[in-house]
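As a plain string of letters, each chain reads:
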Amino acid sequence: MAQFLLETVWLVPCYALIGGLLAVPWSPGIVRRTGPRPAGYVNLIMTFFAFVHAALALRAIWNQPSYEISIPWLSTAGLNLSIDLEISSVSVGAMVVIAGLNLLAQIFALGYMEMEWGWARFYSLLGLFEAGLCALALCNNLFFSYVILEMLTLGTYLLVGFWFSQPLVVTGARDAFLTKRVGDLFLLMGVLAIWPIAGTWNYTELANWAATTNVNPTSIALVGLALVAGPMGKCAQFPLHLWLDEAMEGPVPSTILRNSVVVASGAWVLIKLQPVLSLSPIVSSAMVAIGVVTVFGASIIAIAQIDIKRCLSYSVSTYMGLVFIAVGTQQDEAALLLVLTHALCAALLVMSTGGIIWNSITQNVTQLGGLWSRRPMSGLAYIIGTLGLIGFPPLGSFWALLKLASGLWEIKPWLVGVIIAVNAFTAFSLTREFCLIFGGKPKPMSERSPEVHWPMVLPMMILLGFVLHLPLVLQSLSLLPSWASLNKNAALLLMWSSVFGCSISSVVYLSNIIPKPVRLPWKPLQDLIAYDFYTPKLYRMSIILSVDLLSKLADLVDRFVVDGFVNLVGLASIGSGERLKYITSGQTQFYAFTVLLGVGVFGMLVTWPHWGTQLLNMMF
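Being a predicted model, the structure only gives us computed values, none of them experimental. (Residues numbered from 1 in each chain as written. Predicted model: local features only at pLDDT ≥ 70, side-chain atom pairs only at ≥ 80, totals over all residues. Heavy atoms only, no water.)

## Here's the deal with the overall build of the chain
And step 1. In terms of helices and strands, the chain carries 24 helices and 2 strands.
And step 2. Considering only C-alpha atoms, the chain reaches an extent of 105 × 60 × 60 Å along its principal axes.
And step 3. By the burial criterion, 51% of the 620 residues in the chain qualify as buried.
And step 4. Contacts in the chain between residues at least 24 apart in sequence constitute 80% of all its contacts with a sequence separation of at least 6.
And step 5. For the chain, the distance from the average site of its 31 positive side-chain charges to the average site of its 28 negative ones is 9 Å. (Helix = DSSP H or I, 4+ residues; strand = E, 2+ residues; numbered from the N terminus. Buried < 20%, exposed > 50% of the residue type's maximum accessible area, 1.4 Å probe, protein only. Contact = heavy atoms within 4.5 Å. Lys, Arg positive; Asp, Glu negative; His and termini not counted. Charge placed at Lys NZ, Arg CZ, Asp CG, Glu CD.)

Take a look at the structure:
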């Protein structure tokens, strides 16, 4: 049985697609008598089947060699395209995480979307996310990975714009879609450019080619930078990071997936392409630079946010920036461990804060407070999610960050300092949000804010338990880094940075030593951080202004040059027709004379180079 499930594991993405199709009859206008809820139950059952299938297949393939499946798709003009799949413990394990988190998100949505009539559309889009992510985990072809990423971009647009009657939602969906389009355009250029150089899009063949090739440094640098641009947009890295902030306008259950595994889709492709990207030192340095700028900028910006969702969105960009640093320094195992631990902890944090958004009047953290006594389960989930996300032993991210820091201790020690500082900033930011929401005394906006009901608490508690036991799971699978091989100094620095960040934040926001609201001594610096280093304004003054001016110039050229020429031809035609109608006599010999006269003039013009020169010589 297990062997059969392993051989058919490539069908796992189809479960979610089938669930989405089965939900169509409950779309508005087709089935109304039963209400929309059966659409959610159908998708929930199909996701459960996908999770069970992937989990049993993972047990069968663990410690077994990977194998590939190639499905021919297109063969024309010397171009042979095939859908290449890699069945390995890593890819199947990724599907287990994706299906499991989607299952919990869908259970969470049973409570969060209880009064929503758009269940069929919402659950179908969650199924689209799951199908795309599972297909991306199995895909071993760069071209089809790009196609799947485009499908995920469409899913992001539709889910962010789910409540399309609200102007902010429409703006957020549009900005998220257009920002990703910038990175996707460059990624498509890189995908098309790598084919004539390497002659393949298969990840395994690309790795083998990269190990023995001798390619032009300039060419591979340009191609590598184009390939990095796509994951930059997917992972919300600077300067393509603003879309994740705008995407927070979507429903919270979709945010659970987006903040945990959807943003990691770009990181997955980046890890797959690491052998190719490492061919160019310029590309590796660019990835490290992008990661460093993003982790510092996002972790500092998160400290000044007052919206619950946006406080967490910048921490997502921070950890994806650490993945960029890991891939840029060829630390692939640390990158995969970071993606796994971040996915689980980020999903838990979104669930914890999502319940607060659901039955609270405001999302402003400065107007909340004192919820620990009213919402102990949400508060406990937030604490575990925070400790699991920072370098706090023995939880998951401690081992991921320690493995990355140990690998960089000898080759690039300054990056270890970056990791330590960013961990402290993240600890400060997440503790600040906890103190403002759960600590202190209740405020008018939070006096009546009871704990959420069981469909939202149940998945949160299941995920809380898994985050707590993740080190034991990794140890049982022999994936936990060996303590003997890790750097003990880096471990101490990580622990102290976590304690330092949490302690300072607790003192600032729980004690009366510092007046509230907390303000920096220099207001321009506070505004700089609070307004995202004025990145949106810089976008409006540079890119948006340039596109606006170019579009206006194109409009002027179209109206006065192109349309003017067409209108001139039309007027000339009308004028000549009006003149001709007064000189027509109906006599055949007159028409024949006109035709002969025209042919004669045309013949003179054609033969002018032959007899015109002789005529001029005779005259002069």
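## Here we look at the UniProt feature "domain: NADH:quinone oxidoreductase/Mrp antiporter transmembrane" (unreviewed entry) in the chain
And step 1. Residues annotated in UniProt with the feature "domain: NADH:quinone oxidoreductase/Mrp antiporter transmembrane" (unreviewed entry) correspond here to residues 140-422.
And step 2. Overall, residues 140-422 shows 76% helix and 0% strand. The separation of its end C-alpha atoms is 33 Å. (UniProt positions renumbered as here; feature names shortened; annotations may be inferred.)

## So, the environment of A99
And step 1. With respect to the helices and strands, A99 occurs in helix α4 (residues 89-112).
And step 2. Given a relative accessible area of 0%, A99 falls into the buried group.
And step 3. Residues in contact with A99, not counting those within four places in the same chain, are T47, A50, F51 and E130.

## Considerations on a nonpolar patch on the surface
And step 1. Taken together, the side chains of L550, L553, L556, V557, F560, V561, V562, F565, V566 and V569 make up a nonpolar region of the molecular surface, amounting to roughly 960 Å² of accessible area.
And step 2. Assignment of secondary structure puts F560 in helix α23 (residues 535-583). (Patch = residues over 30% accessible without salt bridge, like charges linked within 9 Å, V, L, I, M, F, W, Y side chains within 5 Å. Areas by Shrake-Rupley, 256 points an atom, 1.4 Å probe, with all protein chains shown as cover. Salt bridge = Lys/Arg side-chain N within 4 Å of Asp/Glu carboxyl O.)

## Things to note about unusual backbone geometry
Note on backbone geometry: most residues besides glycine have negative phi, and most peptide bonds are trans.
And step 1. Residues P393 and P394 are joined by a peptide bond in cis, for which omega reads 5°.
And step 2. On the secondary structure map, P394 appears in the loop between α17 (376-389) and α18 (396-408).
And step 3. Positive phi, normally seen in glycine, also occurs at Q330, with a value near 60°.
And step 4. Residue position: Q330 is located in the loop between α15 (308-328) and α16 (332-358).

## Notes on the packing of helix α9 (residues 217-234) against helix α12 (residues 264-272)
And step 1. Relative to each other, α9 and α12 sit at 155°, their axes nearing to 7 Å. On the basis of their axis angle, the class for α9 and α12 is roughly antiparallel. In this structure, the crossing between α9 and α12 has a hand that is left-handed. Facing α9, whose interface residues are V228, P231 and K234, α12 presents S265, G266 and L270.
And step 2. Its residues placed into classes, the contact of α9 with α12 shows 3 nonpolar, 2 polar and 1 charged. (Axes fitted to C-alpha atoms, helices over the stretch in contact; angles between N-to-C directions. Parallel < 35°, antiparallel > 145°, perpendicular 65-115°, else oblique. Left-handed = near helix turned anticlockwise from the far one by under 90°. Nonpolar A, V, L, I, M, F, W, Y, C, P; charged D, E, K, R; others polar.)

## Describing helix α5 (residues 119-138)
And step 1. Here α5 is 20 residues long and its end C-alpha atoms lie 29 Å apart, about the 28 Å a rise of 1.5 Å per residue gives.
And step 2. Of all the 20 residues making up α5, 17 are buried; the element is thus mostly covered by neighbouring parts of the structure. (Expected span 1.5 Å × (residues − 1).)

## Here's the deal with the environment of G440
And step 1. Mapping G440 onto the fold places it in the loop between α19 (413-438) and α20 (454-476).
And step 2. The sequence separation of G440 and L270 amounts to 170 residues, and the corresponding C-alpha distance is 43 Å.
And step 3. Once you skip the residues sitting within four places of it in the chain, G440 turns out to touch G370, C435 and L510.

## A word on the packing of α12 against α16
And step 1. Here α12 crosses α16 at 165°, and the two axes come no closer than 11 Å. The orientation of α12 with respect to α16, classified from their angle, is roughly antiparallel. You can see that α12 and α16 cross each other, and the crossing is left-handed. Contacts between α12 and α16 involve A264, A267, W268 and I271 from the former and A335, L336 and V339 from the latter.

## Description of the pattern of salt bridges
And step 1. Considering all chains together, one arrives at 4 salt bridges under this definition.
And step 2. The salt bridge involving D184 is made with K234; its shortest N-O contact spans 3.3 Å. Of the two residues, D184 sits in helix α7 (residues 167-198) while K234 sits in helix α9, which places them 50 residues apart along the sequence. Accessibility assignment for this pair places D184 and K234 in one class, buried.
And step 3. Across the pair K403 and E333 runs a salt bridge, and its minimum N-O distance is 3.5 Å. With K403 in helix α18 and E333 in helix α16, the pair connects residues that are 70 residues apart, well separated along the chain.

## Concerning the state of the cysteines
And step 1. For the structure on display, the rule yields 0 disulfides.
And step 2. Of all cysteine sulfurs, the one in C502 lies closest to C345, which takes part in no disulfide; the gap is 13 Å.
And step 3. Cysteine C502 is unpaired, with the sulfur of C435 as its nearest cysteine sulfur at 8.9 Å. (Disulfide = S-S within 2.5 Å.)

## Things to note about helix α3 (residues 37-61)
And step 1. With 25 residues, α3 extends 36 Å from end C-alpha to end C-alpha; this agrees with the ideal 36 Å at 1.5 Å per step.
And step 2. Positive backbone phi, approximately 65°, marks N63, located one or two places after α3.

## Structural notes on the packing of aromatic side chains
And step 1. A complete count under the given rule lists 12 aromatic pairs for this structure.
And step 2. Between W195 and W201 the ring centres are 4.7 Å apart and the planes differ by 45°, which places this aromatic pair in the tilted class.
And step 3. Residue classification places W195 among the partly exposed residues on the basis of a relative accessible area of 26%.
And step 4. Overall, W201 belongs to the buried group, its relative accessible area being 7%.
And step 5. Grouped by ring-pair contacts, the aromatic residues F143, F144, W195 and W201 constitute a single cluster. (Phe/Tyr/Trp six-rings, centres within 6.5 Å; stacked < 30°, edge-to-face > 60°.)

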